[in-house]
Amino acid sequence: MIPIIGLSGRSIRSIVHKHDIEMNRAKSSGKPRKHKVNEDFFKVWSHKMAWVLGMFITDGCVSKQLNRISFSQKDERILRLIANYLEADYIIAPIYSSRTTPTLMINSKIIKNDLKKLGISNNKSLTVPFPDIPEEFLPSFIRGVIDGDGWVQNKGYVMNITTGSLDFAKGLLSVFQTWKLRSEITTETTQANHPIYRVWVKGKSDLPHLAKLIYNNTCLNHPNSYKREFMMKHITENQELKEV
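Residues numbered from 1 in each chain as written. Predicted model: local features only at pLDDT ≥ 70, side-chain atom pairs only at ≥ 80, totals over all residues. Heavy atoms only, no water.

A.B. asks: Would you take a moment to explain the packing of helix H8 (residues 138-149) against helix H9 (residues 166-178) for this structure?
C.D. replies: How two helices pack is summed up by the angle between their axes together with the distance between the axes. Where H8 contacts H9, the axes come no closer than 12 Å and their chain directions differ by 130°. By the angle class used here, H8 and H9 are oblique. Here H8 and H9 pass one another in a crossing that is left-handed. Taking contact as the criterion, the partners of Leu138, Phe141, Ile142 and Val145 in H8 are, on H9, Phe168, Leu172, Val175 and Phe176. A breakdown of the residues in the contact of H8 with H9 according to their chemical character gives eight nonpolar, no polar and no charged. (Axes fitted to C-alpha atoms, helices over the stretch in contact; angles between N-to-C directions. Helix = DSSP H or I, 4+ residues; strand = E, 2+ residues; numbered from the N terminus. Parallel < 35°, antiparallel > 145°, perpendicular 65-115°, else oblique. Left-handed = near helix turned anticlockwise from the far one by under 90°. Contact = heavy atoms within 4.5 Å. Nonpolar A, V, L, I, M, F, W, Y, C, P; charged D, E, K, R; others polar.)

A.B. asks: I tried to follow empty space enclosed by the protein on my own but got confused; where do I start?
C.D. replies: The gaps of empty space that remain are located by a probe, the size of a water molecule, rolled over the atoms. Applying the stated criterion across every chain, the model contains one cavity of 30 Å³ or more. The computed volume of the largest cavity comes to approximately 50 Å³. Considering the residues around the largest cavity, the lining is formed by ten residues, among which His35, Lys36, Ile91, Ile106 and Asn107 are closest to the centre. (1 Å grid on protein atoms, 1.4 Å probe; cavity = no way out; pocket = protein on both sides within 12 Å on 5 of 7 lines; lining within 4 Å. Points joined across faces, edges and corners; volume = space filled by probe spheres on them.)

A.B. asks: Teacher, can you tell me more about unusual backbone geometry here?
C.D. replies: Note: most peptide bonds trans; most residues except glycine with negative phi. Of note in the backbone geometry, Glu87 takes a positive phi value of approximately 55° without being a glycine. Position of Glu87 relative to the elements: it lies in the loop between helix H5 (76-85) and strand S3 (103-107). One non-glycine residue, Asn193, lies in the positive phi region at around 70°.

A.B. asks: Explain the packing of aromatic side chains to me, please; I cannot follow it from the model alone.
C.D. replies: Each aromatic ring pair is described using two quantities: the centre-to-centre distance and the angle formed by the ring planes. Applying the stated criterion to the full structure yields nine aromatic pairs. Ring geometry for Trp45 versus Phe137: centroids 6.5 Å apart, planes at 15°, classification stacked. Taken together, the residues Trp45 in the loop between helix H3 (25-28) and helix H4 (47-59) and Phe137 in the loop between helix H7 (124-127) and H8 connect sequence positions 92 residues apart. Relative accessible area serves as the criterion here: at 23%, Trp45 is assigned to the partly exposed category. Judged by its relative accessible area of 10%, Phe137 falls in the buried class. Ring pairing ties together the aromatic residues Phe130, Phe141 and Phe168, which thus form one cluster. When the ring centre of Phe56 is taken as origin, the NZ or CZ atom of Lys124, which lies over that ring, is 5.9 Å away. The aromatic ring of Trp200 is capped on one face by Lys202, whose charged end is 4.9 Å from the ring centroid. (Phe/Tyr/Trp six-rings, centres within 6.5 Å; stacked < 30°, edge-to-face > 60°. Buried < 20%, exposed > 50% of the residue type's maximum accessible area, 1.4 Å probe, protein only. Lys NZ or Arg CZ within 6 Å of the ring centre and 35° of its normal.)

A.B. asks: Whenever I open this one, the packing of H4 against H5 confuses me. Can you help?
C.D. replies: Across the interface, H4 lies against H5 with an axial gap of 11 Å and an inter-helix angle of 135°. It follows from the interaxial angle that H4 and H5 lie oblique. You can see that H4 and H5 cross each other, and the crossing is left-handed. Note on element contacts: H5 touches H4 through Ile78, Leu81, Ile82 and Tyr85, opposite Lys48, Trp51, Val52 and Met55. Residue classes in the contact of H4 with H5 are distributed as seven nonpolar, no polar and one charged.

A.B. asks: Help me understand the side chain of Gln73, please; the structure alone is not making it clear to me.
C.D. replies: When you line up the elements, Gln73 lands in the loop between strand S2 (68-72) and H5. Those residues in contact with Gln73 that sit more than four places away from it in its chain are Met55, Asp59, Ile78, Leu79, Thr101, Pro102, Asp147 and Gly148.

A.B. asks: Even after reading the chapter, I still don't get the environment of Gln73, so can you show me in this structure?
C.D. replies: Judged by relative accessible area, which is 11%, Gln73 ranks as buried. Between the C-alpha atoms of Gln73 and Pro102, which are 29 residues apart in sequence, the distance is 5.8 Å. One polar contact links the side chain of Gln73 to the main-chain amide nitrogen of Asp75, over a distance of 3.4 Å. (Polar contact = N/O pair within 3.5 Å; in protein donor to acceptor, adjacent residues only side chain to side chain.)

A.B. asks: Even after reading the chapter, I still don't get the nonpolar core, so can you show me in this structure?
C.D. replies: Soluble globular proteins tend to pack their nonpolar side chains together in the buried interior. Leu86, Phe176 and Leu210 are the most contacted members of the largest nonpolar core, which totals 59 residues. Counting residues per element, this core draws most heavily on H4, at eight residues. Leaving out residues up to four positions away in the same chain, Leu86 has contacts with Val37, Asn38, Phe41, Phe42, Phe71, Ile106 and Ile111. (Core = buried A, V, L, I, M, F, W, Y, C linked by side-chain atoms within 4.5 Å.)

A.B. asks: Could you clarify how one ought to interpret the sheet that holds S3 in this entry?
C.D. replies: Sheet strands associate in pairs through backbone hydrogen bonding, adopting either a parallel or an antiparallel arrangement. With respect to topology, three strands assemble into an open sheet ordered S1-S2-S3, the strand pairing being antiparallel. With partners counted over all chains shown, the strands left at the sheet margins are strand S1 (60-62) and S3, one partner each. Pairs of neighbouring strands in the sheet enclose a mean axial angle of 20°, with direction left out of account. Bridge count for S2 against S3 is five bridges, and the pairing is antiparallel. Each bridged residue has a counterpart across the sheet, and for Phe71 the counterpart in S3 is Leu104. Its contacts with the sheet place helix H6 (residues 109-117) against S1, S2 and S3, and it is angled at close to 75° to S2. (Pairing = 2+ DSSP bridges.)

Now the structure itself:
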């Protein structure tokens, strides 16, 4: 418009605002999206969306200044899977002395806002609530949380999830209790005097039952992890004991 009308961009914007004309900012910049991503991913519930949301709550970060979210994971297979689900370019942040874990970056104001609607902000580690998740997708969400911040004992029948948010810990406990699992919350304090909450599931029959619930979804064909291996091993052991 500038060469056609002969006015500066600032003058054009002034006239637009004066006449209360809504501007399409996505097009007015004239800059196409540099990296692709499905910006509607967190708008519709699915098993894949629920799993990625669980991963993000535990291993994700919301930028305070930029329209960016990121996932940090030692296992790059997980990051590639997340990028695949989000239909996003696989953009890994540069490694520095202060950041040695592979980090997948997603640039999108829409996705950042959709996560905010779910209660996830840049200070989520201490304040994130337990999202209002449709019951159908709870197992996939819990699986994502365990894949992110879960710990599974190798030889025993113990699993826990660590979080800095009491609301989130209580939400996890409520789900486990609804599933009739032997569960509890314990509290520790960090050196910086911040509380840490661990949500536990314990029991020779409880852990196999949890494994059946979260790994029963055939549409989530994820790479094997030691957590899944340990939990599935308990299912096999229980079946062998019943057959004896």
